[in-house]
Amino acid sequence: MDSNVAIGLGSNLGLSGQTVETALELLEGYEGIRVKKRSHWYRTIPVGPPQPDYINGCAILEVTVSPQSLLETLLEIEKTLGRVRGERWGPRTLDLDLLLFDDLILNTPTLEIPHPRMRDRAFVLVPLAEIAPEWIDPISKKAIAQLLETIDQSGVQKLTLTN
Ligand SMILES: Nc1ncnc2c1ncn2[C@@H]1O[C@H](COP(=O)(O)OP(=O)(O)OP(=O)(O)O)[C@@H](O)[C@H]1O
Ligand SMILES: Nc1nc2c(c(=O)[nH]1)N=C(CO)CN2
């Protein structure tokens, strides 16, 4: 059975625009993963310690793999594209977050779904609302478009030259 998954992509080191594009291409190359929809890319003000602006976006995948297996794939792509783990919420060449997996709620030591911080993050909700405004977050029971209404979006700016 196919599952619908939302992921978030982010980068603020190196050639960020290229890196996030390549991440989507690599994902398409995996058995059991298809990229169904993608948002525009956005320039976003960093949340956390002072660091360069990010490029952020979201994609909807159709998958036949398990949540854990998908997480492993995301971590593998982060590694392939040069991510070195630094400080928490610090700069990175690529960050791939698993945001939503159907209407699943999962809490394991290595994987939490929905992503626990997605509801507070304009850099997630703005691109996600572009491609999945009606998707209901199973924790808050609110649609993504509704969650977006409650947060400050001023740090998120659509990039018009790409995508
Ligand atoms: N929904 C999820 N998506 C991605 N990683 C997750 C998720 N839930 C738990 N993790 C775990 O979080 C670990 C560390 O993630 P990471 O270093 O990307 O955190 P971060 O990007 O600094 O912070 P944040 O999670 O706030 O975006 C991953 O190795 C993974 O095991
Ligand atoms: N704007 C923005 N800020 C961040 C981001 C991100 O992707 N975009 N990721 C972080 C670590 O998860 C910390 N801060």
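Residues numbered from 1 in each chain as written. Chains lettered and ligands numbered in written order. Predicted model: local features only at pLDDT ≥ 70, side-chain atom pairs only at ≥ 80, totals over all residues. Heavy atoms only, no water.

So, the overall build of the protein chain
Per the secondary structure count, the protein chain includes 4 helices and 8 strands. The linear arrangement of helices and strands in the protein chain, starting from the amino end, is β-α-β-β-β-α-β-β-β-α-α-β. By the compact-globule yardstick of 15 Å for 163 residues, the protein chain fits well, its C-alpha radius of gyration being 15 Å. Referenced to the eigenvectors of the C-alpha coordinate spread, the extents of the protein chain come out at roughly 40 × 35 × 30 Å. Classification of the 163 residues of the protein chain by burial places 48% in the buried group. Long-range pairs, those at least 24 residues apart, make up 68% of the contacts in the protein chain with a sequence separation of at least 6. When the accessible surface of the protein chain is split by element, carbon and sulfur atoms take 53% of a total near 8,400 Å². (Helix = DSSP H or I, 4+ residues; strand = E, 2+ residues; numbered from the N terminus. Rg over C-alpha atoms; globule rule 2.2 N^0.38 Å. Buried < 20%, exposed > 50% of the residue type's maximum accessible area, 1.4 Å probe, protein only. Contact = heavy atoms within 4.5 Å. Areas by Shrake-Rupley, 256 points an atom, 1.4 Å probe, with all protein chains shown as cover.)

With respect to the pairing of strand β4 (residues 54-63)
Across the 10 residues of β4, 9 count as buried, placing the element largely inside the fold. In this sheet, β4 lies alongside strand β1 (residues 3-11) in antiparallel orientation, the contact comprising 9 bridges. Looking across to β4, one finds that Gly10 is bridged to Asn56. Relative to β4, strand β3 (residues 42-44) runs antiparallel, the two sharing 3 bridges. Looking at the pairing, Thr44 lines up with Tyr54 of β4. (Pairing = 2+ DSSP bridges.)

Some words on the UniProt feature "domain: 7,8-dihydro-6-hydroxymethylpterin-pyrophosphokinase" (unreviewed entry) in the protein chain
Those residues carrying the UniProt feature "domain: 7,8-dihydro-6-hydroxymethylpterin-pyrophosphokinase" (unreviewed entry) are residues 88-99 in this numbering. The straight-line gap between the two end C-alpha atoms of residues 88-99 is 18 Å; of that span, 0% is helix and 42% is strand. (UniProt positions renumbered as here; feature names shortened; annotations may be inferred.)

Digging into the site of ligand 2
Surveying the vicinity of ligand 2 reveals the residues Thr44, Ile45, Pro46, Val47, Tyr54, Asn56, Trp89, Arg92, Asp95, Arg121 and Phe123. Within the contact set of ligand 2, a nitrogen atom lies 2.8 Å away from a side-chain nitrogen or oxygen of Thr44. Between an oxygen atom of ligand 2 and a side-chain N or O atom of Asp95, the distance comes to 3.2 Å. One can see that ligand 2 is located within the largest pocket. When its residues are assigned to classes, the shell around ligand 2 shows 6 nonpolar, 2 polar and 3 charged. (Near = heavy atom within 4 Å. Polar contact = N/O pair within 3.5 Å; in protein donor to acceptor, adjacent residues only side chain to side chain. 1 Å grid on protein atoms, 1.4 Å probe; cavity = no way out; pocket = protein on both sides within 12 Å on 5 of 7 lines; lining within 4 Å. Sits in = over half its atoms within 2 Å of the grid points. Nonpolar A, V, L, I, M, F, W, Y, C, P; charged D, E, K, R; others polar.)

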